[in-house]
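Given next are the chains, with one letter for each unit.
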Amino acid sequence: MSDGWELRLSLQRAALAPVLGLTGRWQGQGEAHGEPVTSELVIRPILQGTIIEVRERTGEHEDLCFYRWEVERGEIRVLHLMAGSVREYPVEQGPEGLIWVTPPTEPAVEWSLRGAGLRQEVVWPDRETAPEVWIDYERADAPDAAPDAAPGAPDAG
């Protein structure tokens, strides 16, 4: 590979360091739409560490996200896939974690570190005081353990 390409890969990996530190399997409990939920979260680097895959299963609901550093825009972006929907958003680094920058008509998503745990909150714009969904995650594996490949999603890199 050329020096320019190696530099690009290095910049992408360095920019994704906040997400890379969360690699592994997580188990969560919380509330969605007023009902108690349990959730599983798997975070793993793919494509030589330049993309971070995040797979979340909560009951019948499944989300698949791909975080990447977009060199040209100088920002982290997330591609969010779920049944019937594909969206892409810029991601900001807040004081406690990552915040999806969503349009005013869509829910805000925030991931924050809470001690050794991780918290996800989804807040609709018209309900700013209480999240519609909140899940507190704890590690289900050692922090430095590489998770097994997610079912149906082999590492292509």
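One can find the structure itself at the top, above this paragraph.
The structure reproduced in this document is the subject of the present report.

Conventions adopted
Residues numbered from 1 in each chain as written. Predicted model: local features only at pLDDT ≥ 70, side-chain atom pairs only at ≥ 80, totals over all residues. Heavy atoms only, no water. Helix = DSSP H or I, 4+ residues; strand = E, 2+ residues; numbered from the N terminus. Buried < 20%, exposed > 50% of the residue type's maximum accessible area, 1.4 Å probe, protein only. Contact = heavy atoms within 4.5 Å. Phe/Tyr/Trp six-rings, centres within 6.5 Å; stacked < 30°, edge-to-face > 60°. Pairing = 2+ DSSP bridges. Axes fitted to C-alpha atoms, helices over the stretch in contact; angles between N-to-C directions. Core = buried A, V, L, I, M, F, W, Y, C linked by side-chain atoms within 4.5 Å.

**Here's the deal with the overall build of the protein chain**
Looking only at helices and strands, the protein chain features 2 helices and 10 strands. The helix and strand sequence of the protein chain, counted from the amino end, reads α-α-β-β-β-β-β-β-β-β-β-β. Expressed as a percentage of its 157 residues, the buried residues of the protein chain come to 39%. For the protein chain, contacts bridging at least 24 residues in sequence account for 37% of all contacts bridging at least 6.

**Quick notes on the packing of aromatic side chains**
With the rule as written, the count across this model stands at 2 aromatic pairs. Taking the centre distance of 5.7 Å and the plane angle of 25 degrees together, the rings of Y89 and W100 count as stacked. With a gap of 11 residues between them, Y89 in strand β6 (residues 85-93) and W100 in strand β7 (residues 97-100) connect regions that are remote in the sequence.

**Structural notes on the sheet that holds strand β3 (residues 51-58)**
Within the closed barrel, the 10 strands sit side by side as β1-β2-β3-β4-β5-β6-β7-β8-β9-β10. Their pairing is antiparallel. The average undirected angle you get between the axes of adjacent strands in this sheet is 25 degrees. Bridging between strand β5 (residues 75-82) and β6 involves 7 bridges; their strand directions are antiparallel. By the bridge assignment, H80 is partnered in β6 with R87.

**Description of the nonpolar core**
Inside soluble globular proteins, nonpolar side chains tend to come together where they are buried. Judged by nonpolar contacts, the single largest core of 25 residues is most densely connected at L41, I43, Y67, W100, W111 and L118. What Y67 contacts, discounting residues up to four positions off in sequence, is L16, T50, I51, I52, V54, I76, R77, V78, V91, L98, W100 and W111.

**Here we look at the pairing of strand β10 (residues 133-139)**
As paired elements, strand β1 (residues 24-32) and β10 share 7 bridges and run antiparallel to each other. In the sheet register, G30 faces β10, and the bridge partner there is I135. Pairing geometry for strand β9 (residues 117-123) and β10, over 5 bridges, is antiparallel. Within the sheet, the bridge partner assigned to Q120 lies in β10 and is I135.

**Some thoughts on the pairing of β6**
Hairpin connection of β5 to β6: 2 residues between the antiparallel strands, including G84 at a positive phi of 80 degrees. Here β6 runs beside β7; their pairing, made up of 3 bridges, is antiparallel. From the neighbouring strand, V91 faces β7, where its bridge partner is W100. From the end of β6 to the start of β7, which pair antiparallel, there are 3 residues.

**As for the environment of T23**
Structurally, T23 is set in the loop between α2 (17-20) and β1. For T23, a relative accessible area of 12% puts it in the buried group. Distance in space between the C-alpha atoms of T23 and I52 is 8.5 Å, their sequence separation being 29 residues.

**Considering the environment of Q27**
In this fold, Q27 is placed in strand β1. A relative accessible area of 41% places Q27 in the partly exposed class. C-alpha of Q27 to C-alpha of S39: the two residues are 12 residues apart in sequence and 5.9 Å apart in space. Excluding its chain neighbours within four sequence positions, the residues that come into contact with Q27 are S39, E40, D136, Y137, E138 and A140.

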